[in-house]
Structures are given as structure tokens and as C-alpha cells.
Amino acid sequence: MADPPGCCSTCATCLLCPYSCQWITPKKEKRKGLRTTKRDCSWFFFLFCVFLFTLVWLYFAIIILNDFHNFNEFIFRQRKLWLDWSLVLLVATAVLISYSSVLLVLALCLQLCGQPLKLHWVHKILLILTALVVAAAFTGLGIKWAEEWKSARVSLQATGPFLHLGAVGGMTLLAWPLASFIYRTRSTGLRVFLLLVYCAAMIALYLAPLGITSPCIMEENQLPPKPALIGHRGAPMLAPENTLMSLHKAVECDVQVFETDVMVSADGVPFLMHDEDLTRTTNVQAVFPDRAALNSTAFNWTDLQQLDAGSWFLERKPFPTVHSLSPEDRNEAAKQKIPSLGQALEVVKQSNISIMFDLRPENHSDYQNFVNVSLGVILQSGIPLQQVLWLPDGFREDVKQQAPGVQHVYGRKRLENEKEPVLHVNLPYQDMSSEEIREYRQDNISVNLYVVNEPWLFSVLWCSGVSSVTTNACQVLKEMKHPIWLLPSSTYFMIWIVVDCVSFLIIIWAFVLMK
């Protein structure tokens, strides 16, 4: 089998060595009669499928980074072990995609050089393991974190046009090794089959934009106002969550609402805390080791004030931004205590922002008393009631009677037969489509979606017309003056046509040249 022009024997041998794990010169190859068999072609097809499989997983891994802090918290609650598992995910994914990519590139180059595709048995085993690992990852995602499938659908609104261009480019480059293989193979049936499959794939890609929709394909003058920012537990990337420092940092980020979680102590003092126990965000295991596993509401206010609510932030570094904190911020973080609802309301009132909170735990036997105590603190604080956004559903009617000025936010979509008009909704970003957001906006219903950390996701929701987003990354989204991308439909149409035409010409040229 002669090498095509421009492919020297040394290059061919160097390509064959890592792929086949054999140092075979072209002369030895001729003498041994090595050729690409049907089994070799099957392994190449398997390699190509594994590459696509890992590529899809890489896409998912990047998308779920927006929500990965929730996964870290979940693992801590289950195993009491804190680790930024996103780093583990990215490193493992990078290894898998790099391995399959290198093998695929070697195979394509070997085909262009007319060399046999003799994949070594070690690579075969590793490819099978790669496929199993990725399949296990997808299975685990579907079982434990099913809402991320919805996140992937949302992400396609941001990446769809660019994924289409990348797919067209990749399939166009595939024309060279495909043409080389078709001209060398002696099986007419295989030639026809490969050509039909390739042509069908290219036609589907050329027409794909007919089914691609994105809210960011619009004219500049149609862009809705930038969504307001709501600080999720304050500014948890810059300070320990649910502390006064976190609240102040959120104010510096120009958030319009401070979102938090409230519990009530054993002696009736509402305080800020998200988890049902205190182990993640305080040093309760050191101060009260025998009571560390108890519910947060089992502690009285005096006990809670003895706890350190800031040092964990510096030790565990829940976000990479902790590394960049100034010495002054580190000192302040280390001094944080659990704040009461009254203290938070005072800061909110002085900062002229609003506060939105959940009251936990909802299944507590004394929940009605929790509602009354929290409402009493709000009324005593003197804060204008329109700055209070009430999230808890329990005993909502009582709240409306005792504090009619409070704004009520619902954690559900509106119903067909609402007794009272719903003016504010607070939902996960996966639960509302762009069409629904536009409908709510037209009906003057404020839509807040959570938790939005990545600029690509914020851009999609901005283009959709969402009113506000709850975020951990207020310092990042604050700096965004424009969505990441915005394309007029006419411009996108022109790009689509030009890319398809150029791709078609390159494919024709590749087949003519390889012949």
C-alpha cells in the first residue's frame, strides 16, 4: 500500500506507533501484508462513537457548572466532606475527551497516509472503559440530578447557532479521510452506504437552523431591559453566606433584593440560616459537639451567638473567588456571627433594597408560631412593607391580613382560576420557557428565576425578558452591560447560507482532490 504524495514513511510510522503500539516501517508492513479489515473498521466506528459520547458529556459538564455548588452542598450533607467536585469533574472529563480525541486524530491521519488502522488491544479496553464511565455519569445525572436535562435544553438556546457551525465545520473536515477511504476500499456496497450516511448527515446539518430558536436572535432595539439582580444568601462568592458581611457585599454589587433563609431559635428569635443543621456554615462541632446534629431551631439565641459563622468560608473555600479576597475581607469574614432577622432588616432598610426569604423548616410542628414571630419582627423593624417579599406558602392568608403591604411571591406558575392576581413568581430557571417568560412579562407579572451564575445563562434570560435573577455571582453579572451575543435574524440567515455554501464547495474539492 503506497503512501499518498506528501506523506513520508517516517511520519506514517510515527502515527502507526501510538495507535497500534507497534513500531512498523512501511517495508515491514508490506512484507506482513497488514491491511485494514472489517473488524478494524468496526473499532474505528466505535472510536468515533466514543469520541462523540465524551464530547456530549463535556458539553453537559460545562453546562452543569452553573449549579455545581448545589451538588457540593448535597455531598457535604451526605458525607460531611467538603470538596469542590467541579474540579474533579472537569479534570476527569478533560482526560477522557483528550484520550479519545488523540486516538481519533491518529486514526484519521493514518487513513490519509494509507496506513492500516490496527488499534491495539490496550486502546480497545480503555475505549470500552471510557464509554462505560461516561454512560455511568449520564445515568447518575439522570437519577440524582434529573433537572439538569432541562438545563441542557435551556443551554441550547445560547449555544445552538454555534454548535451548528462547529458541527458543519467538523463534518466538512471529515470529508478528506472519508474520501480517502472510499477511493481505497474495494467494497461497492460499503462505498454507497458511507456516502449515503454522510450525505444525509450533511443535509440534516445544512437544514438544522430551520429548527434552531434562540431568544438572542433579535434586533438590538428589541432587547428587553437588563434583569435586576437578587443576591442569593447575599454575595456568597465574596463573603460567608447569610451573614451581614455577605449582605453588605451584595449591596455593593447593586443588588435590588437580598434573598435569604430564616429559622427561629428555641427562644423565639428569627435568624438567618439555610441548612437545617449548623455543621456546614458554623463551628458547632467544636463548640457543642454533643448537639451538632440537632436541628438549628433546637438552639437558643445565646447558644447561636457563640458560634463562628465565617471561618468555614476561609477554610473550605466554597468558591474559587475566596482565594482573591483582600486581607481586610479575610479578617472581617473570620469575625462573622449568625445574624438575626432584625439585624438584617436594619441593614436592608438603611440600604434601601428589598428582602426576600424562605421560612424553614416548613414541616415543623410549630411553623405557625414561626410565621407569627417573623412577621412580628418585620412589623417592629419599621421597614416599609413594600420592601418585604414574602415567599413562604404556609399561613399566607394570615400574613395578608396582619401585614397587607407585604409583597407576596409565589413559588409556582399562575393557575387558570386564580382568586387573586399573581404579581410575582419565583421559580428555578429550568421551569420556565422563553415563551412563558414573554407571556408573563406582557401580563405585568414579575418573574424571578434562580440560581443564575453563568454569563451565558444570564444572557439567554436577559434576551427572554425575565424581570430578575437570583445569583451567587452578583459581582460578575453586575459588570455585564450587554448579553454575550445578540444577532439580528437577517445576519444569522446570511451566516447560515455562507457557511453551508463554503462547506459544500470544500467537500466537493476534497473528493476531487483525493481522487
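Not measured: the values here are computed from a predicted model.

Colleague: Sorry, what's going on with the packing of aromatic side chains here?
Modeller: Each aromatic ring pair is specified by the distance between its two centres and by the angle formed by the two planes. Per the stated rule, a full pass over the model turns up 19 aromatic pairs. Aromatic pair Phe 138 and Trp 149: ring centres 6.0 Å apart, planes at 20°, arrangement stacked. One end of the pair, Phe 138, is in helix α6 (residues 121-144); the other, Trp 149, is in helix α7 (residues 147-173), with 11 residues separating them in the sequence. What makes Phe 138 buried here is its relative accessible area of 12%. Residue Trp 149 is classed as partly exposed on the basis of its relative accessible area of 33%. The ring of Phe 288 has Arg 291 sitting right over it, with the charged end atom 5.1 Å from the ring centre.

Colleague: Is there a simple way to think about the nonpolar core in this case?
Modeller: Counting residues in hydrophobic clusters, the biggest one holds 43 residues, and the most contacted among them are Leu 449, Phe 458, Leu 461 and Val 469. Broken down by secondary-structure element, the contributors of at least two residues to this core are α3 (38-63), α7, β7 (424-428), α18 (434-442), β8 (446-450), α19 (455-464) and α20 (474-477). With seven residues, α19 is the largest single contributor of residues to this core. Taken domain by domain, this core gets at least three of its residues from each of domain 2 (149-214 + 487-514) and domain 3 (228-274 + 315-478). If near-sequence neighbours (up to four positions away) are discounted, Phe 458 is found in contact with Lys 226, Pro 227, Leu 229, Val 452, Val 469, Leu 477 and Met 480.

Colleague: Which parts of the structure should I look at to understand the UniProt feature "transmembrane region" (unreviewed entry) in the protein?
Modeller: Taking the UniProt record as the reference, the feature "transmembrane region" (unreviewed entry) is found at residues 41-65, 85-113, 125-143, 163-183, 190-212 and 493-514. Annotated as residues 41-65, this span is 92% helix and 0% strand, and its ends, taken at the C-alpha atoms, are 37 Å apart. Each end of residues 493-514 is marked by a C-alpha atom, and these two atoms are 32 Å apart; helix forms 100% of the span and strand 0%.

Colleague: Help me understand the packing of helix α9 (residues 188-207) against helix α21 (residues 489-514), please; the structure alone is not making it clear to me.
Modeller: A pair of packed helices can be characterised by two numbers: the angle between their axes and the separation between those axes. One way to put it is that α9 packs onto α21 with a least axis distance of 10 Å and a crossing angle of 160°. On the basis of their axis angle, the class for α9 and α21 is roughly antiparallel. Regarding α9 and α21, the two cross each other, and that crossing is right-handed. On α21, the residues that touch Leu 195, Tyr 198, Met 202, Tyr 206 and Leu 207 of α9 are Trp 496, Asp 500, Ser 503, Phe 504, Ile 507 and Phe 511.

Colleague: What is the right way to read empty space enclosed by the protein from this model?
Modeller: In this approach the atoms are scanned with a rolling probe the size of a water molecule, which exposes any empty space left behind. Enumeration over the complete set of coordinates arrives at three cavities of 30 Å³ or more. A volume near 50 Å³ is recorded for the largest cavity. Every residue lining the largest cavity is listed: Glu 241, Asn 242, Thr 243, Leu 272, Met 273, Thr 281, Ala 309, Trp 312, Lys 337, Ile 338 and Pro 339. Of the residues belonging to the lining of the largest cavity, the class tally is six nonpolar, three polar and two charged.

Reading the values: the criteria
Residues numbered from 1 in each chain as written. Predicted model: local features only at pLDDT ≥ 70, side-chain atom pairs only at ≥ 80, totals over all residues. Heavy atoms only, no water. Phe/Tyr/Trp six-rings, centres within 6.5 Å; stacked < 30°, edge-to-face > 60°. Helix = DSSP H or I, 4+ residues; strand = E, 2+ residues; numbered from the N terminus. Buried < 20%, exposed > 50% of the residue type's maximum accessible area, 1.4 Å probe, protein only. Lys NZ or Arg CZ within 6 Å of the ring centre and 35° of its normal. Core = buried A, V, L, I, M, F, W, Y, C linked by side-chain atoms within 4.5 Å. Domains from an automatic or database assignment. Contact = heavy atoms within 4.5 Å. UniProt positions renumbered as here; feature names shortened; annotations may be inferred. Axes fitted to C-alpha atoms, helices over the stretch in contact; angles between N-to-C directions. Parallel < 35°, antiparallel > 145°, perpendicular 65-115°, else oblique. Left-handed = near helix turned anticlockwise from the far one by under 90°. 1 Å grid on protein atoms, 1.4 Å probe; cavity = no way out; pocket = protein on both sides within 12 Å on 5 of 7 lines; lining within 4 Å. Points joined across faces, edges and corners; volume = space filled by probe spheres on them. Nonpolar A, V, L, I, M, F, W, Y, C, P; charged D, E, K, R; others polar.

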